There are 2 protein chains.
Amino acid sequence: MSGTDQGRGGHPVTMRDVAKAAGVSVATVSHVVNDKPGARIGDDTRKRVQDAVAELGYRPNALAKTLSQGSSRFIGLVADAIATTPFAGQIIHGAQDEAWKHGYVLLVANTEGNPGVENDAIAMMLEHQVLGILYSTWFHREIAVPEALHQTDTVLVDCFADGSGLPAVVPDEEQGGRTATEELLAAGHRRIAFLNTTTPSPAQSGRLAGYRTALESAGIAFDERLVLPAVPEQEGGYAATPGVLASGATAVFCHNDRVAMGLYDGLRENGLQIPADIAVVGFDNQDVIAAHMRPPLSTVALPHYELGAAGVRVLLGLEGDVETVRVACPPVRRQSV
Amino acid sequence: MSGTDQGRGGHPVTMRDVAKAAGVSVATVSHVVNDKPGARIGDDTRKRVQDAVAELGYRPNALAKTLSQGSSRFIGLVADAIATTPFAGQIIHGAQDEAWKHGYVLLVANTEGNPGVENDAIAMMLEHQVLGILYSTWFHREIAVPEALHQTDTVLVDCFADGSGLPAVVPDEEQGGRTATEELLAAGHRRIAFLNTTTPSPAQSGRLAGYRTALESAGIAFDERLVLPAVPEQEGGYAATPGVLASGATAVFCHNDRVAMGLYDGLRENGLQIPADIAVVGFDNQDVIAAHMRPPLSTVALPHYELGAAGVRVLLGLEGDVETVRVACPPVRRQSV
DNA sequence: CTGAAAGCGCTAACAT
DNA sequence: ATGTTAGCGCTTTCAG
């Protein structure tokens, strides 16, 4: 291999070392290393420098660079629950990819919703001169903005704070609800139950609104008795089975995939086939389950990756100065409809 | 609120500003801000400085600090799949918490296993003067170490590379397999089937070894016909149902929770009750499913959080100079046994 | 007890 | 076409 693998042991190779080795000044090295636009460097000199760089295994010190340039290449991401859900990971991933694409690096902090930790995390990011901070939650909700966030540019991801003036990137719950319902409508169903969550949230109201809109567009009267409450877990879906059976629905839109999973069990116990006897669509497109249920669950995806990516785009000012960005929730068709 | 909220707009408050405001030198400010051990600073001076800091809303510039100190407070974490699994998130979380505890900050990079991205990520970390790198995978396996990793301290997390000399932190698969089996043994089962994965891996061989050990310790002869192959997904578990029924087993240890989930379906279709008719244990303790199956699944947890945390401890030299750290997989008792 | 000054690795005018 | 020279914000001897 080439290079002397400096970096371990003796001090790291600096620009000055390269300059000395190439017999030029550090300014010259800086110019060739950064491929400066208006940099008139002789071909031979350039080559000498490049050789020295390769020879010594030189690596620029990003910290020194940002210090002298004044602007850093960090973007902070504070998340409330990296661990407890598969969702946060997708947000990180999207943010990561997008940041990278623009030459930025993510500084991630997990706070588990603890305000103390949250403040420390934000402080740490500020001390690292982040360009701005993405504040994200693992499920879509309204939040109280931590005071410290006002000290830098902030964009809210998967959450919002009305009146805070902070831009927010959130999933389009209403469109999602509409989409889910339309999938069922398209399959010919007219009597569609909606197993909605019992927890007040943008998801609860948004998806319901979407459900109604879809129905109306199809010329079907909204029937309140078709929207059934369910604790948003497998247990809730299972428990709701008698209700959906009694409702006479031929299809059901579940608040999320876990509810659908519970409902599958309940339906199966009653000898019903999906989708022959009754169709089911979920919401979230949760990896571990949706694709592997029997039959694989048709659902609507929560666009976490996109939320993260859009978040950094907004932070970088690439989306204009929007107030709220709503990201679409696309349908994922499998075999339960 | 106190402080003038500098940091937005006009240039950030520097140490020099504080010094000027307090009528002292920057050296003095540095001393009081960092609470330097051998720092003889008069009480009044100290207070003047502290007041100025509060007044101006001064924040130390972490980048400048590390530049002048030479050593950075960054630890890199490169992961192959933040997005596709809930597991990686736990590793990050554990690493994050532990790093934080020691005053370090995590630089996370997701590579999706792409070698090109991987190299860029490592380069970026090196340029940011990380103290070392945690290289992690989302499932336990042997890897080929990227060349670039040799340029800094590295610890492998949830993977290993024999002969590389790099320390590795991995789950104790054998103990896990033993534990799972023992849970069944303890419930009185003697004829225990093992639905093992068809994919060669430390998990495949380790868990099998643990299963055998547990059986032997209980004085039960190993019966090859009881270990059945299963694709490590719900589908595999479902498909294996006839086999376990034919085996005459009264309990089954599944290679992972998803297999158990599929098996649940298969068993239920055959009118079998869990655990009355047949007991089931899984492996992984996968959040979204294990706790919510009916009945909730007893399983063995993959200690991802601990892997991440132990990884940084090893990197910081807090664990002595170990070669391989095996982290225990604890049983999680629910209601399927 | 406090301040002056050198320097960390790099960039960016400004000279040459 | 290349070199000189200031800094960037902070730490750290070393004087006073």
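Parameters at a glance
- Residues numbered from 1 in each chain as written.
- Chains lettered and ligands numbered in written order.
- Predicted model: local features only at pLDDT ≥ 70, side-chain atom pairs only at ≥ 80, totals over all residues.
- Heavy atoms only, no water.
- Domains from an automatic or database assignment.
- Least-squares fit on C-alpha atoms with pLDDT ≥ 70 in both.
- Contact = heavy atoms within 4.5 Å.
- Core = buried A, V, L, I, M, F, W, Y, C linked by side-chain atoms within 4.5 Å.
- Buried < 20%, exposed > 50% of the residue type's maximum accessible area, 1.4 Å probe, protein only.
- Near = heavy atom within 4 Å.
- Polar contact = N/O pair within 3.5 Å; in protein donor to acceptor, adjacent residues only side chain to side chain.
- Helix = DSSP H or I, 4+ residues; strand = E, 2+ residues; numbered from the N terminus.
- Nonpolar A, V, L, I, M, F, W, Y, C, P; charged D, E, K, R; others polar.
- Expected span 1.5 Å × (residues − 1).
- 1 Å grid on protein atoms, 1.4 Å probe; cavity = no way out; pocket = protein on both sides within 12 Å on 5 of 7 lines; lining within 4 Å.
- Points joined across faces, edges and corners; volume = space filled by probe spheres on them.
- Arc of directions from axis to C-beta.
- Pairing = 2+ DSSP bridges.
- Axes fitted to C-alpha atoms, helices over the stretch in contact; angles between N-to-C directions.
- Buried area = accessible area lost by both parts, 1.4 Å probe.
- Salt bridge = Lys/Arg side-chain N within 4 Å of Asp/Glu carboxyl O.

Under an unreviewed UniProt entry, the name given to chain A is Alanine racemase, and the source organism is Cellulomonas hominis.

Caption draft 1: Representation of the domain arrangement of chain A in the model. With domains assigned, chain A is organised as domain 1 (15-60), domain 2 (74-171 + 305-327) and domain 3 (173-302). Its C-alpha centre places domain 1 of chain A at a distance of 63 Å from the equivalent point of domain 3 of chain A.

Caption draft 2: Focus on the relation of the copies chain B and chain A. If you rotate chain B by 180° and push it 0.0 Å along the axis, it lands on chain A with an RMSD of 0.2 Å. With respect to symmetry, the two chain copies, as superposed, fit the operation of a two-fold axis. Using C-alpha coordinates, one finds that chain B approaches the rotation axis most closely at Pro86 of chain B, a distance of 2.1 Å. Both copies present the same face, since 100% of the interface residues in chain B are matched by interface residues at the equivalent positions in chain A.

Caption draft 3: Seen up close, the nonpolar core. Grouped together as the largest cluster of nonpolar side chains are 82 residues, with contacts concentrated most on Leu195, Val252 and Val280 of chain A together with Leu195, Val252 and Val280 of chain B. Other than its neighbours up to four places away in sequence, Leu195 of chain A contacts Leu228, Ala230, Ala240, Val244, Val252, Phe253, Cys254, His255, Val259 and Leu263 of chain A. By size, the runner-up hydrophobic cluster in this structure holds 52 residues, among which are Val130, Ile143 and Cys159 of chain A together with Ala109 of chain B.

Caption draft 4: Structural view of the protein's contact with DNA strand D. If you check the shell around DNA strand D, you find 27 residues, and the closest are Arg40, Gly42 and Thr45 of chain A together with Met15 and Lys36 of chain B. Near the protein, within 4 Å, the atoms of DNA strand D are sugar or phosphate in 74% of cases. Between DNA strand D and the protein, one listed contact pairs a phosphate oxygen with a side-chain N or O atom of Thr45 of chain A at 2.3 Å. In this structure, a phosphate oxygen belonging to DNA strand D sits 2.5 Å away from a main-chain N or O atom of Met15 of chain B. Counting only elements with at least two residues in the surface near DNA strand D, the list comes to α2 (26-34) and α4 (62-69) of chain A together with α1 (15-22), α2 (26-34) and α4 (62-69) of chain B. A breakdown of the residues in the surface near DNA strand D according to their chemical character gives nine nonpolar, 13 polar and five charged.

Caption draft 5: Region of the structure containing helix α11 (residues 257-269) of chain A. All names here are of chain A. Its 13 residues give α11 an end-to-end C-alpha distance of 19 Å, which sits within 8% of 18 Å, the value for a rise of 1.5 Å per residue. Of the positions making up α11, those classed as buried are Asp257, Arg258, Val259, Ala260, Met261, Gly262, Leu263, Tyr264, Asp265, Gly266 and Leu267. With a side-chain oxygen lying 3.0 Å from the backbone nitrogen of Arg258, the N-terminal cap of α11 falls on Asn256. Where α11 ends, the next residue or the one after it, Gly271, has phi of about 75°, a positive value.

Caption draft 6: Representation of the protein's contact with DNA strand C. By nearness alone, 26 residues border DNA strand C, and Met15, Lys36 and Tyr58 of chain A together with Gly42 and Thr45 of chain B come closest of all. Each atom of DNA strand C within 4 Å of the protein was assigned to sugar, phosphate or base; sugar and phosphate come to 78%. At 2.5 Å, a backbone N or O of Met15 of chain A approaches a phosphate oxygen of DNA strand C. Here a sugar or linking oxygen of DNA strand C sits 2.7 Å away from a polar atom, N or O, in the side chain of Ser68 of chain A. Broken down by secondary-structure element, the contributors of at least two residues to the surface near DNA strand C are α1 (15-22), α2 and α4 of chain A together with α2 and α4 of chain B. Per-element accounting of the surface near DNA strand C gives the leading share, four residues, to α4 of chain A. Here the residues of the surface near DNA strand C are counted per class, giving nine nonpolar, 12 polar and five charged.

Caption draft 7: Quick look at empty space enclosed by the protein. Applying the stated rule across the entire model yields three cavities of 30 Å³ or more. Empty space within the largest cavity amounts to approximately 110 Å³. Around the largest cavity sit Met261, Tyr264, Asp265, Arg268, Met293 and Arg294 of chain A together with Met261, Tyr264, Asp265, Arg268, Met293 and Arg294 of chain B, which together line it. If you list the elements that add at least two residues to the lining of the largest cavity, you get α11 of chain A together with α11 (257-269) of chain B. Considering only residue class, the lining of the largest cavity consists of six nonpolar, no polar and six charged.

Caption draft 8: How the structure looks around α1 of chain B. Residue and element names in this part refer to chain B. The complete set of buried residues in α1 reads Val18, Ala19 and Ala22. Looking down the long axis of α1, one finds its buried residues gathered within 100° of arc, a one-sided arrangement. Exposed and facing more than 90 degrees away from the buried side of α1 are Arg16, Lys20 and Ala21. The secondary structure elements touched by the buried residues of α1 are α2 and α3 (43-56). N-cap assignment for α1: the residue whose side-chain oxygen lies 2.8 Å from the backbone N of Arg16 is Thr14.

Caption draft 9: Representation of the sheet that holds strand β8 (residues 251-254) of chain B in the model. Residues and elements named next belong to chain B. Taken in spatial order, the four strands of this open sheet run β7-β6-β8-β9, and their pairing is parallel. Unpaired on one side and paired on the other, β7 (227-230) and β9 (279-281) mark the two borders of the sheet. When the angles between neighbouring strand axes are averaged without regard to direction, this sheet yields 20°. Sheet topology places strand β6 (residues 192-197) next to β8; four bridges connect them, and they run parallel.

Caption draft 10: Molecular detail of the environment of Glu323 of chain A. Residues and elements named next belong to chain A. Locating Glu323 in the fold gives a position in the loop between α13 (304-315) and β11 (324-327). Taking C-alpha positions, Glu323 is 8.6 Å from Val169, a pair spaced 154 residues apart along the chain. Ignoring anything within four residues of it in the chain, the contact list for Glu323 reads Gly165, Leu166, Pro167 and Ala168.

Caption draft 11: Up close: the interface of chain B and chain A. Taken together, the 62 residues of chain B in the interface contact 62 residues of chain A. Among the residues of chain B in contact with chain A, Arg59, Leu63 and Arg294 of chain B are the three that bury the most area, contributing 12% of the side total. One can count six salt bridges joining chain B with chain A. Counting residues per element, the side of chain B that touches chain A draws most heavily on helix α5 (residues 86-101) of chain B, which supplies seven residues.

Caption draft 12: Summary view of the pattern of salt bridges. In total, this model carries 32 salt bridges over all chains according to the counting rule given. A salt bridge links Asp51 of chain A to Lys47 of chain A, with the shortest nitrogen-to-oxygen separation between them at 2.7 Å. One end of the pair, Asp51 of chain A, and the other, Lys47 of chain A, are both in helix α3 (residues 43-56), four residues apart, so they sit about a helical turn from each other. Lys47 of chain A gets classed as partly exposed once you look at its relative accessible area, which sits at 47%. Residues Arg207 of chain B and Glu173 of chain B are paired through a salt bridge, measuring 2.7 Å at the closest nitrogen-oxygen approach. With Arg207 of chain B in helix α8 (residues 202-217) and Glu173 of chain B in helix α7 (residues 173-186), the pair connects residues that are 34 residues apart, well separated along the chain.

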